[in-house]
Structures are given as C-alpha cells and as structure tokens.
Amino acid sequence: MNLSSRITQDIDKACLVLQQGGIVGIPTETVYGLAAVALNAEAVSRVFQAKGRPTSHPLIVHLSPHDDINRWGVLNESAQALANALWPGPLTLLVPRTRLVPDWVTGARETVALRIPAHDMTLALLDAVSDAVVAPSANRFGQVSPTSAEHVINDLGDSVDLVLDGGSCAIGIESTIVECTNSILQILRPGKVSALEVAEITGLSISDMAGPSRAPGMLIAHYAPNARVELCSTISEAEERRGTYISNGTSADVLHHDDLTSYALSLYDHLRNADLRGCDVVLAVLPPDVGLGIAIRDRLSKAAASN
Ligand code: TXA
Ligand code: MG
C-alpha cells in the first residue's frame, strides 16, 4: 500500500481498523492523535512501538459524550464542573482511575487522563467504535506534534494502519491537562483552556504548573524539530541574530505572530517546515506570558531545551 493511500475520510473504514486491533491517526481540535482501542493490550502496545515511546508514559483515554465517563474515572466536584463546561474541548482531566482502566493505559498509575475531543469526525468515529480509544499525539516520541494527516504519515509512515483526514487542527497545540484529585487542582500542561478559566469554573484558585509536575515526560525536552530552536524576547532581537547567522552562512528563520491564536495554529507547522527547508536555526520570539501565550512559551522552551 503506498503511504498516501493510508489517508482516508471514511469513518467506517477507520472504525473497522480500530475494532480489528489496528492503530489509526485521528484528527482532534488540538493535534492529531494515534488511536487504539484502550482495552486492547496488543493494539495499545503497537501505539507505543510506532511512537518509540517508553511504555511507562501513560496515555489519554478519549471518549465520546455518549460514553459513561464514570466507567473510567472518578470525577470530583471540580472535575465534573470542568467536564460540564468545557467538553467536548481542549481539556484533559487527570482523575483517580476505576478498576476498568488497565495498567497498560496508565503505566500502573492510580490516575487516568480523560478527554472528550471537539472534532466531529472523531466523535462520530468514537460512537461507531463504541469503545474508548487511547490517543497520544501521533508523532515520534519527543518530536513535533502533527496538525495534519500528512504530518502523521510523514512521521509514522507504514507503522500506522490508517489516518482519518479531518483537515488541519483548529487549535494547533495539545490540550490543557488539569489534575483533579482529592486535594489537588493543578495545571500539568498549559493549553488553550487557561488557569483563569479553570479557576472561574471551579471557584478554586489555581496556578499554572504549580509544584512538581506529575505528568511523566512534561519536564524533559520535547516538541523538538531537527533545527536548533533559540528563544528571543523581541522581534528586533530575533532579526538581529538572524542577520548575524546569515552573514556566517547559517540558515536562520524567525518565528513570530502578534496574534496568539495564529501563533499556536502555525507553531508546529513552522517547525516542521524549517526542517523540510533544511533550516539550521529557528529564532522564536516568545509571546506574552498570558492566556494561550503561556502554552506557546511552554512548547517553545521545551523545543529549545532539546538543542
Ligand atoms: O491534545 C491532546 O491532549 C492530544 C490529542 C491527540 O488528544 N494528546 C496528547 O497526548 O497530547 P500525549 O500522550 O502526547 O500527551 C499526554 C500527556 C503525556 O505527557 C502523559 O505523560 C500525560 O499526558 N498523562 C497521561 N496520563 C497520565 C497519568 N495517568 N498521570 C500523569 N500524566 C499522564
Ligand atoms: Mg505528545
């Protein structure tokens, strides 16, 4: 099968592949995921293999609004309020798991990450499969997340059975992860849903990334292209450094958007294109430390930490 023929818009076909234990790239509003039926140990192990990801790194369980969330996790008052207000949407809740949830999903942790994504094709797929799926971002471990079906094929090639093409992702960076366990309400990964929104919805105070992060893989270098990523405070600083690089024969690119939504949307695409063009350095201008800017800064800092 040639690689582009693995891209489809046929939800029934994708459903069949998942039900038969296959792994399928799925569109979401954040980034593309690599899905397998959560209760199928063999299928989930293929996801880890395809990504080259350590099996100790737990996976997010993706559900449909028609599923019974309580089968999977124990939602306290805050988690329930967040789910009611923001699902389907770019929010992952980390909650105590139920006995249904296998160790191969959580890496034997006592918590499970749950999310209802906001993408019509994937919601229709989840209903057709009538089983929850795990879906980490559909990239090789540590690399840049995919925001189109082509990105998934470029990264995973023939180790993915099929990719459901739902167009470009509407947000472009991964969901906000909020830990909601007994006494803890904490943002583990910033995203489109801000700490302010979480605080407003729950009526509790919360800070971004407060305390030691418990999400494995959060603190290390991540989201990295081959090009070196350097962080700049202003556009003029980036332009100046670019001039110096160019005069030394080093190819350098400036990454910047005034508008945070556009910045998030184009971030991973830009990093991927820089690699395709053989660019040596990406000079990324840090956006303001507010709203979506917090999430963009987080991803850029981790990409730069991989240099
Ligand atoms: O937007 C998203 O969340 C995308 C789309 C496809 O839904 N998915 C995604 O999955 O970003 P992934 O696996 O690339 O990132 C999920 C993060 C990982 O860093 C993982 O360690 C953390 O969530 N995580 C998942 N389950 C966890 C658990 N039980 N305890 C702690 N961290 C957990
Ligand atoms: Mg990921």
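Here we summarise the structure given alongside this text. Every value quoted in this text rests on a predicted model; they were computed, and no experiment measured them.

Quick notes on the rules
- Residues numbered from 1 in each chain as written.
- Chains lettered and ligands numbered in written order.
- Predicted model: local features only at pLDDT ≥ 70, side-chain atom pairs only at ≥ 80, totals over all residues.
- Heavy atoms only, no water.
- Helix = DSSP H or I, 4+ residues; strand = E, 2+ residues; numbered from the N terminus.
- Rg over C-alpha atoms; globule rule 2.2 N^0.38 Å.
- Buried < 20%, exposed > 50% of the residue type's maximum accessible area, 1.4 Å probe, protein only.
- Contact = heavy atoms within 4.5 Å.
- Areas by Shrake-Rupley, 256 points an atom, 1.4 Å probe, with all protein chains shown as cover.
- Core = buried A, V, L, I, M, F, W, Y, C linked by side-chain atoms within 4.5 Å.
- Pairing = 2+ DSSP bridges.

To continue, consider the overall build of the protein chain. From N to C terminus, the protein chain includes 10 helices and 13 strands. Here the protein chain has a C-alpha radius of gyration of 19 Å; the compact-globule value for 307 residues is 19 Å, and the two agree. With respect to the three principal axes, the spread of C-alpha positions in the protein chain is 60 × 50 × 30 Å. Burial status across the protein chain gives 55% buried among its 307 residues. Taking contacts inside the protein chain between residues at least 6 apart in sequence as the whole, the part at least 24 apart equals 70%. When the accessible surface of the protein chain is totalled, it reaches about 12,700 Å², and 49% of it is carbon and sulfur.

With 63 residues, the main nonpolar core has Leu82, Leu93, Leu114 and Val178 as its most contacted residues. Residue contacts for Leu114: discarding those within four places in its chain leaves Ile60, Val61, Leu63, Ile69, Trp72, Gly73, Leu75, Trp87, Leu91, Thr92, Leu93 and Val95. Judged by nonpolar contacts, the second largest core, of 24 residues, contains Val31, Ile171, Leu255 and Leu292.

The sheet built from 10 strands is open, its strands ordered 1-8-2-3-7-4-6-5-9-10 with mixed pairing. The open sheet has two edge strands, strand 1 (7–8) and strand 10 (184–189), and neither has a second partner. Taken together, the four bridges between strand 5 (residues 91–96) and strand 9 (residues 176–181) define a ladder with parallel strand orientation. Bridge pairing links Leu91 to Thr176 in strand 9.

Just geometry here; none of it tells us what the structure is for.
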